[in-house]
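If you want the building blocks of each chain, they are given just below.
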Amino acid sequence: MRTELCERFGIRYPIFVFTPSEKVAAAVSRAGGLGVLGCVRFNDPDDLENVLCWMDDNTDGLPYGVDVVMPAKVPTEGSAVDIDKLIPQGHRDFVNKTLTELGVPPLSEDQQRNEGVLGWLHSVARSHVDVALKHPIKLIANALGSPPTDVIERVHKAGVPVAALAGSAKHAQRHVDNGVDIVVAQGHEAGGHTGEIGSVVLWPEIVDAVGDQVPVLAAGGIGTGRQVAAALALGAQGVWMGSAFLTSAEYDLGVRRESGISTIQQALLDATSADTVRRRIYTGKPARLLKSRWTDAWDAPDAPEPLPMPLQNILVSEAHQRMNYSTDPTTVAMPVGQIVGRMNEIRPVGDIIADLVAEFEEATRRLDTIRDG
């Protein structure tokens, strides 16, 4: 399983893994892939600096990347206090009523309240780029398309390539025209922000549109080596994964229950591939989430319309904290793709990568047998 991207990045396998957990990202890089740390959860640049220092010390000199969030249209900017004033009281009342009805306890005095994930703001995302470029990162990706031209130029000047996610061939070509080096073709099945086109249709469309200009990574619904083989057969030079590593043993976000498994992971282990919905209630933009009693409440007739980014995330940020601190997996609010139905056990990152490679080899051997008759 080697493509041109393996040589370019100095990795064994063309497996790129987005994750909000630095422990997972480091483990992916040590296992032969390229771990990409999501930065959106870091409101304070100093916190990101500390985590990237940890990454430097725990990746054995192997490459890793970061992922920032810069929407094409600059959303509302300002301090947390200023932005908070833009949230209607009716939306606050609905959130509070829903949490009460779901039996979600308030945060205790020793549980830190944050002010909303300000990483959705352009200004904060730019500070993430500033911090990241002080470290030996090998890739900067943007979860919401191509970054502004000046950001791309600055990153290129530092010798770092830029990747951008695309949900259509038109978006992919726009990214390439803006100077993006790698396009991540993300299908409808993916977790988080997604478009309307399914992966098997989207991947070759984007490869045909821009594959002769830049490498294409396939994303959306990948959790097995067979799916990696399908992605490469359709013209991708690698895969971009995320959801499949949320149930890795190294994933350390969320509160552990008595079983030793976090509430978030228990919710994922219990889910089937039919247990996701695509809604705007997480960030203000369409994103695939785990179906739960929380998402059901937002589907009710009395629910308000979600607010635009970043107001929606700031509205529900403390609610997400409260649900993740609770021990009830039926209320979890978590982005995840349809591959969740195959995420049935907690496994180390190294084992997940090894299984992907072994299954890829088995799938390609089977195709060789079919081809050779």
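As the structure is a computational prediction, the values presented were derived from the model and not from experiment.

Visitor: I tried to follow the overall build of the protein on my own but got confused; where do I start?
Guide: When its secondary structure is counted, the protein shows 14 helices and eleven strands. Against the globule reference of 21 Å for 373 residues, the protein gives a C-alpha radius of gyration of 20 Å, in line with a compact fold. With respect to the three principal axes, the spread of C-alpha positions in the protein is 65 × 45 × 40 Å. Out of the 373 residues in the protein, the part that is buried amounts to 54%. Residue pairs in contact within the protein that sit at least 24 positions apart in sequence constitute 67% of those at least 6 positions apart. Total accessible area on the protein stands at roughly 15600 Å², and carbon and sulfur atoms take up 49% of it. Charge separation in the protein, taken as the distance between the mean sites of 34 positive and 48 negative side-chain charges, equals 2 Å.

Visitor: Please clarify how the sheet that holds strand β11 (residues 287-290) should be interpreted in this entry.
Guide: Hydrogen bonding along the main chain pairs the strands of a sheet, whether they run parallel or antiparallel. Within the open sheet, the three strands sit side by side as β7-β11-β10. Their pairing is antiparallel. Edge positions in the open sheet fall to β7 (192-193) and β10 (276-279), since each of these has one partner strand only. Two strands pair when backbone bridges link them, and β7 and β11 are joined in this way by two bridges, in the antiparallel orientation. Across the sheet, residue Gly-192 finds its bridge partner in β11, namely Arg-288.

Visitor: How do you make sense of the nonpolar core when you look at a structure like this?
Guide: The nonpolar side chains of a soluble globular protein tend to be buried with one another. Core analysis: the biggest nonpolar cluster contains 51 residues, and Ile-15, Ile-206, Met-241 and Phe-245 have the highest contact counts within it. Top contributing element to this core by residue count: helix α14 (residues 349-372), with seven residues. If we ignore the near neighbours within four places in the chain, the residues touching Ile-15 are Met-1, Gly-33, Leu-34, Val-239, Met-241, Ile-353 and Leu-356. Leu-48, Val-129, Val-162 and Val-180 belong to the second-largest nonpolar core, a separate cluster that totals 26 residues.

Visitor: Explain the sheet that holds strand β9 (residues 238-241) here, please?
Guide: One closed barrel accounts for eight strands, arranged β1-β2-β3-β4-β5-β6-β8-β9; its pairing is parallel. Taken over all neighbouring pairs, the strand axes of this sheet differ in orientation by 25° on average, direction set aside. Two strands pair when backbone bridges link them, and strand β4 (residues 140-142) and strand β5 (residues 162-166) are joined in this way by three bridges, in the parallel orientation. Looking at β5, one finds that Ile-140 is bridged to Val-162.

Visitor: Quick question: what am I supposed to make of the packing of helix α8 (residues 169-177) against helix α9 (residues 199-210) here?
Guide: Helices that pack against each other are described as a pair by the angle of their axes relative to one another and the distance between those axes. The N-to-C vectors of α8 and α9 enclose an angle of 35°; their axes lie 9 Å apart at closest approach. Seen from above, α8 lies across α9 with right-handed handedness. Packed against α8, whose contacting residues are Ala-169, Ala-172, Gln-173 and Val-176, the element α9 presents Leu-202, Glu-205, Ile-206, Ala-209 and Val-210 at the interface.

Visitor: Help me understand the packing of helix α6 (residues 122-132) against helix α7 (residues 149-157) in this model?
Guide: Across the interface, α6 lies against α7 with an axial gap of 11 Å and an inter-helix angle of 5°. Considering their axes alone, α6 and α7 lie roughly parallel with respect to each other. Contacts between α6 and α7 involve Arg-126, Val-129 and Asp-130 on the former and, on the latter, Asp-150, Val-151, Arg-154 and Val-155. Across the contact of α6 with α7, the residue classes tally to three nonpolar, no polar and four charged.

Visitor: Please explain the side chain of Thr-98 as it appears in this structure.
Guide: Here Thr-98 is to be found in helix α5 (residues 89-102). For Thr-98, the side chain forms a polar contact with the main-chain oxygen of Phe-94, separated by 2.8 Å. Sequence-distant contacts of Thr-98, defined by excluding residues within four places in its chain, comprise Trp-294 and Ala-297.

Visitor: How do you make sense of the packing of aromatic side chains when you look at a structure like this?
Guide: To describe a pair of aromatic rings, you give the distance between the ring centres and the angle between the ring planes. Scanning the entire structure with this criterion turns up three aromatic pairs. Taken together, a centroid distance of 4.8 Å and an interplanar angle of 70° make the contact between Phe-94 and Trp-298 edge-to-face. Residue Phe-94 is located in helix α5, and its partner Trp-298 is located in helix α12 (residues 293-299); the two are separated by 204 residues in the primary sequence. Look at Phe-94 and you get buried, because its relative accessible area is 5%. Trp-298 gets classed as buried once you look at its relative accessible area, which sits at 7%. A centroid spacing of 6.0 Å and a plane angle of 70° characterise the contact between Trp-294 and Trp-298, whose relative ring orientation is edge-to-face. One end of the pair is Trp-294 and the other is Trp-298, both in helix α12 and four residues apart, which spans about a single turn. Looking at Trp-294, the relative accessible area reads 1%, which means it is buried. Within the aromatic cluster, the residues linked to one another by ring pairs are Phe-94, Trp-294 and Trp-298.

Calculation rules
- Residues numbered from 1 in each chain as written.
- Predicted model: local features only at pLDDT ≥ 70, side-chain atom pairs only at ≥ 80, totals over all residues.
- Heavy atoms only, no water.
- Helix = DSSP H or I, 4+ residues; strand = E, 2+ residues; numbered from the N terminus.
- Rg over C-alpha atoms; globule rule 2.2 N^0.38 Å.
- Buried < 20%, exposed > 50% of the residue type's maximum accessible area, 1.4 Å probe, protein only.
- Contact = heavy atoms within 4.5 Å.
- Areas by Shrake-Rupley, 256 points an atom, 1.4 Å probe, with all protein chains shown as cover.
- Lys, Arg positive; Asp, Glu negative; His and termini not counted.
- Charge placed at Lys NZ, Arg CZ, Asp CG, Glu CD.
- Pairing = 2+ DSSP bridges.
- Core = buried A, V, L, I, M, F, W, Y, C linked by side-chain atoms within 4.5 Å.
- Axes fitted to C-alpha atoms, helices over the stretch in contact; angles between N-to-C directions.
- Left-handed = near helix turned anticlockwise from the far one by under 90°.
- Parallel < 35°, antiparallel > 145°, perpendicular 65-115°, else oblique.
- Nonpolar A, V, L, I, M, F, W, Y, C, P; charged D, E, K, R; others polar.
- Polar contact = N/O pair within 3.5 Å; in protein donor to acceptor, adjacent residues only side chain to side chain.
- Phe/Tyr/Trp six-rings, centres within 6.5 Å; stacked < 30°, edge-to-face > 60°.

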